[in-house]
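Each chain is listed here by its residues.
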Amino acid sequence: MTDVAAPDTPETDVRCAPSIRSQIRHVVMLVNPLSGSVGPRAAGEAEAILADYDLKAEVMTLGGGDFDKTIAEAFDAKPDVIFVLAGDGTARSVASKAKPDGPMIAPLPGGTMNMLPKALYGTADWKLALKRALEEGEPQAVSGGEVQGEYFYCAAILGSPALWAPAREAMRTGKIKLAWQYGRRALKRAFSGRLRFTLDGGEKRRTEALVLISPMISKAMEDPVGLEAAAMDPSDTTQAFRLAATALFSDWRQDPAVSTRPAKRIEVRARSKIPAVIDGEPLLLKPEAVIRFVPKAFKALAPKPPSAEDSV
C-alpha cells in the first residue's frame, strides 16, 4: 500500500495541479499487475499521475490470496472514490460491494474485454480513463442486472452463443490452438437445447439465446426502465452461426432474427446448466435462473454522457 498525498507546501512547487471537477479529496486505487494489460509498472505509474492532483491517494496492489482482504481495506478507508485497475471480474465484484450507498467506483480498463470501462470512459487506455474520471467525472448512477448473486452492468448473453466467447478471447490473444478447441466445444453444444423464458410474467417463449443489455449500453432505450431483452431465433444452422458471430463482434440488434423489448424480471429455464457471459466473464447458470433489473446498482465516477441536444 502506498500513500500519495499532496505536498503540504504547494507554494514551493511550480507545477500547477490539474483541476478536479468533482469534490474529491480522498481516493483509493486498486491495481492488479497480473491482469490483462496492466503490467508490473502500473502501480508506480498510477502514483505518479495521482501525485499531480490536490488529493490524498492510496494505491493498493492486489496479489496472492489477499484479494478480498485488500478490497475490504479499500472500503474501510472510506474514500470518496475507489479506482479499480484489474480484470473485468474484479471490477464487477468491487462495484457490487459498493452498492448505491457506498463510495463511487471508477473501473479502469485493465481486463480483456473492458466492457464497463469502455462504456463509462470511451477508451481502453487506463491512464486516459483515470484522468477523465478525475477531471471530468461526476457521480453517475449505473443500473444493471443480477442473476444468481452475480451482477452485470453492460450485458449478459445466455445460451449457445455464450459458448463462443472463450474462443473469441483466445483468438484475440493469439492462442489459435486453444481457440480451435473452444470452437469445437461450442459447435458440439450449439444446438443441444433451447431456452424457455418469460419477460415480466408474460407468455412463455423459446429461443436459441437471450441477450440482456443494460440501459447504459442499449441503443433501444433512452431511459433506465429495464434491461433490453433480445431473443435470438435462428431459422437454420447457417443463421445460427451468423448470430453467434454478430453477438460477439458487431451490432446484432440490426439482425432480422433478433427481437427486443425492455423487461425488469426475466425467468429462464433449460434442460441443463445454462452457459452465460456476463460483462465478458463466462460462467454456468443453474437450469432455472431469474434475472432482475437493478435501477441503481452503484455510483460511478465518470464524465456525463452527452445529451441528445449535444449530439445534434
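Residues numbered from 1 in each chain as written. Predicted model: local features only at pLDDT ≥ 70, side-chain atom pairs only at ≥ 80, totals over all residues. Heavy atoms only, no water.

**Things to note about the overall build of the protein**
So, point 1. Each helix and strand in the protein was counted, giving nine helices and 17 strands.
So, point 2. Counting across all 312 residues of the protein, residues that qualify as buried make up 49%.
So, point 3. Taking all contacts inside the protein whose residues are at least 6 apart in sequence as the whole, residues at least 24 apart take part in 70%.
So, point 4. Here the protein has roughly 15700 Å² of accessible surface; of this, 51% comes from carbon and sulfur atoms. (Helix = DSSP H or I, 4+ residues; strand = E, 2+ residues; numbered from the N terminus. Buried < 20%, exposed > 50% of the residue type's maximum accessible area, 1.4 Å probe, protein only. Contact = heavy atoms within 4.5 Å. Areas by Shrake-Rupley, 256 points an atom, 1.4 Å probe, with all protein chains shown as cover.)

**What to know about the side chain of Glu58**
So, point 1. Within the secondary structure, Glu58 is located in strand β3 (residues 56–61).
So, point 2. Notably, Glu58 is buried but unbridged: the nearest opposite-charge side chain belongs to Lys56, and the N-O separation is 4.4 Å.
So, point 3. Polar contacts involving the side chain of Glu58 include one to the side chain of His26, which spans 2.5 Å. (Lys, Arg positive; Asp, Glu negative; His and termini not counted. Salt bridge = Lys/Arg side-chain N within 4 Å of Asp/Glu carboxyl O. Polar contact = N/O pair within 3.5 Å; in protein donor to acceptor, adjacent residues only side chain to side chain.)

**A few points about the side chain of Ser143**
So, point 1. Topologically, Ser143 is positioned in strand β6 (residues 137–147).
So, point 2. Owing to a relative accessible area of 4%, Ser143 belongs among the buried residues under this scheme.
So, point 3. Leaving out residues up to four positions away in the same chain, Ser143 has contacts with Tyr153, Ser214, Pro215, Pro224, Phe293, Val294, Pro295 and Ala297.

**Some details on the pattern of salt bridges**
So, point 1. The full count for this structure, using the stated rule, is six salt bridges.
So, point 2. A salt bridge links Arg265 to Glu267; its shortest N-O distance comes to 3.3 Å.
So, point 3. Take Glu267: its relative accessible area is 33%, and that puts it in the partly exposed class.

**Regarding the pairing of strand β17 (residues 288–303)**
So, point 1. Across 10 bridges, β6 lies against β17 in antiparallel orientation. Within the sheet, the bridge partner assigned to Glu138 lies in β17 and is Ala302.
So, point 2. Alignment of strand β14 (residues 265–269) against β17, held across five bridges, turns out to be antiparallel. In the strand pairing of β17, Glu267 is matched with Val290. (Pairing = 2+ DSSP bridges.)

**Thoughts on the environment of Leu34**
So, point 1. Inspection of the secondary structure assignment puts Leu34 in the loop between β2 (26–31) and α1 (42–50).
So, point 2. By relative accessible area, Leu34 is classed as exposed at 78%.
So, point 3. Distance in space between the C-alpha atoms of Leu34 and Gly111 is 9.8 Å, their sequence separation being 77 residues.

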